[in-house]
Structures are given as C-alpha cells and as structure tokens.
Amino acid sequence: MKIPKILKRNNRTYKLIKIYETYVLYEEVWFGYKECFMKHDLGLIKEKAKPQRKNSIFGGY
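Before going into details, it helps to say that this report is about the structure given with it.

This next bit is on the sheet that holds strand S3 (residues 23-28). What the four strands build is an open sheet, ordered S1-S2-S3-S4; its pairing is antiparallel. Where the open sheet ends on each side, the last strands, each with one partner, are strand S1 (6-9) and strand S4 (34-38). Pairs of neighbouring strands in the sheet enclose a mean axial angle of 40 degrees, with direction left out of account. Both S3 and S4 contribute to a ladder of five bridges, which runs antiparallel. Looking at S4, one finds that Tyr26 is bridged to Glu35.

As structure tokens, this is what we get:
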C-alpha cells in the first residue's frame, strides 16, 4: 500500500517526514508541529473482526 506524501485531516495539511515500522511521522504545514499517525489511522491496514465464540454452558448464546 502506498503512504500519502501529503495528508489532509481535520482541515489541516500534513507533509510526510519519515516512515517508521509501526507509524508515520508528518509535519503540519502551517504551524510546523509534528504528529505521528499509525498505519491503521491512515487506512492502510484494515481491522479484522474476531469471530465470537459460542459458549456451550448457555446453549450457544
């Protein structure tokens, strides 16, 4: 998956600084502060739902 070089979130524009193994470092363009985003936050990793276990004590509920 491709990591965006320019990210727009919450009416702010971020510029890519560095890519780490678990997160990505961005710098806000207007004020210059740095913020990290997880790859899950960027939509690069989809969450997998775990199947619910059926409890045999309560008859499968």
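Structure's up, so let's keep going.
So, on to the pairing of strand S2 (residues 12-19). Successive side chains on a regular strand alternate, one facing one side of the sheet and the next facing the other. Where S1 and S2 come together, four bridges link them in antiparallel fashion. Paired with Lys8 across the two strands is Thr13, which belongs to S2. Summarising the sheet, S2 and S3 pair through five bridges and their orientation is antiparallel. Bridged to Ile19 within S3 is Val24. Linking S2 to S3, which pair antiparallel, is a turn of three residues.

Here we come to the environment of Arg9. Relative to the assigned elements, Arg9 resides in strand S1. Linking Arg9 and Leu42, residues 33 residues apart in sequence, is a C-alpha distance of 9.9 Å. Each residue touching Arg9, except ones within four places of it in the same chain, is listed here: Tyr14, Phe37, Asp41 and Leu42. Within the structure, Arg9 has its side chain in polar contact with the backbone oxygen of Asp41 (distance 2.4 Å).

Rules behind the numbers
Within every chain, residues take consecutive numbers counted from 1 along the sequence as written. Local features in this predicted model are restricted to residues whose pLDDT is 70 or higher, and side-chain atom pairs enter the listing and the counts only when it is 80 or higher, whereas totals over whole chains, interfaces and linings include all residues. Based on all heavy atoms of the structure, the side-chain values leave hydrogens and waters out of the count. A pair of strands is considered paired only if DSSP assigns at least 2 bridges between the two. In this description a helix means any DSSP run of H or I spanning at least four residues, a strand means any run of E spanning at least two, and both kinds are numbered starting from the N terminus. Axis lines are fitted to C-alpha atoms, over the contacting stretch for helices. Their N-to-C directions set the angle, which ranges from 0 to 180 degrees. Contacts are assigned to residue pairs that have any heavy atoms within 4.5 Å of one another. Polar contact is the term for a pair of N or O atoms within 3.5 Å; when the atoms are in protein, one must be able to donate a hydrogen and the other to accept it, and sequence-neighboring residues count only if both atoms are side-chain atoms.

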